[in-house]
Amino acid sequence: MDGVDLIIKEHREVDSLFDAFKRNIGNPHEIEKIKDDVVRLLTQHAEMEEMGLYPVVEQHLQDGKSMAAAARKDHNEAKKVLYELDQMKAGDLEVVPKFDELIAYITQHVKEEESGMLRQLKETLKKDQLIELAKNLENYRKTAPTHPTLPQKSPSQIIAETGSKIADKAREAAQAAFSEAK
């Protein structure tokens, strides 16, 4: 199985869990098990994509940087909902609407990902690259968390903000020095 097929296989697993959720509304015991499975699978899947898939998309696809950025943004929105869902118990009144919100986010994200970046990767990468992608994705899954945390700024955002702060301070210091020299 190559990396694109692996991602799509997991998308179908998530679809299956969503269907199971819909069939079991009113059965708190089953909903709790399904919720736990969805939280684990989506948390690991998001980590796997962010660490293993999106860098490949950025490197190999023409519009890869913007595709990956949009996908990461989608993930952050979904992670917020997933985090809230993870904090709930199956019997909570908010579980069904929160699940419905998650289903809407994930369904749209999967549709865009499969019709866009995944299709393009399959057309662009060689078979051995796709096989290597699968191995890398599996390795990322092994170390991925199983419960979400609230999305935080990415390392690149932190670095960019730090660089901007340094530049601002340098500009302010230069302006102050120039003003004093007058």
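If you're wondering where the values come from, they're calculated on a predicted model, not measured in any experiment.

Let us look at the overall build of the protein. Counting its secondary structure elements, the protein contains six helices and zero strands. The N-to-C order of helical and strand elements in the protein reads α-α-α-α-α-α. Counting only residues that meet the buried cut, the protein has 37% of its 182 residues in that class. Expressed as a percentage of contacts within the protein between residues at least 6 apart in sequence, the contacts between residues at least 24 apart total 77%. Total accessible area computed for the protein in this model is approximately 10800 Å², and 54% of it derives from carbon and sulfur atoms.

With that out of the way, let us pick up the side chain of Glu10. Tracing the backbone shows Glu10 in helix α1 (residues 3-23). Excluding its chain neighbours within four sequence positions, the residues that come into contact with Glu10 are Leu41, His45, Met48 and Arg141.

This part takes up the pattern of salt bridges. Scanning the model with the defined rule gives 18 salt bridges in all. In this structure, the salt-bridge partner of Lys98 is Glu101, at a minimum N-O distance of 3.2 Å. Here the residue Lys98 and the residue Glu101 both occupy positions in helix α4 (residues 95-124), the gap between them amounting to three residues, near one helical turn. The class for Lys98 is buried, based on a relative accessible area of 15%. For Glu101, a relative accessible area of 32% corresponds to the partly exposed category. Via salt bridges that share partners, Asp2, Asp5, Lys122 and Lys127 belong to a single interconnected network.

Turning next to the packing of helix α2 (residues 28-60) against helix α5 (residues 127-143). Across the interface, α2 lies against α5 with an axial gap of 8 Å and an inter-helix angle of 145°. The interaxial crossing formed by α2 with α5 has right-handed handedness. Seen from α2, the contacting residues are Gln44, Met48, Met51, Gly52, Leu53, Val56 and His60; seen from α5, they are Gln129, Leu133, Leu137, Tyr140 and Arg141. When the residues that make up the contact of α2 with α5 are grouped by side-chain class, the tally is seven nonpolar, four polar and one charged.

Calculation rules
- Residues numbered from 1 in each chain as written.
- Predicted model: local features only at pLDDT ≥ 70, side-chain atom pairs only at ≥ 80, totals over all residues.
- Heavy atoms only, no water.
- Helix = DSSP H or I, 4+ residues; strand = E, 2+ residues; numbered from the N terminus.
- Buried < 20%, exposed > 50% of the residue type's maximum accessible area, 1.4 Å probe, protein only.
- Contact = heavy atoms within 4.5 Å.
- Areas by Shrake-Rupley, 256 points an atom, 1.4 Å probe, with all protein chains shown as cover.
- Salt bridge = Lys/Arg side-chain N within 4 Å of Asp/Glu carboxyl O.
- Axes fitted to C-alpha atoms, helices over the stretch in contact; angles between N-to-C directions.
- Left-handed = near helix turned anticlockwise from the far one by under 90°.
- Nonpolar A, V, L, I, M, F, W, Y, C, P; charged D, E, K, R; others polar.

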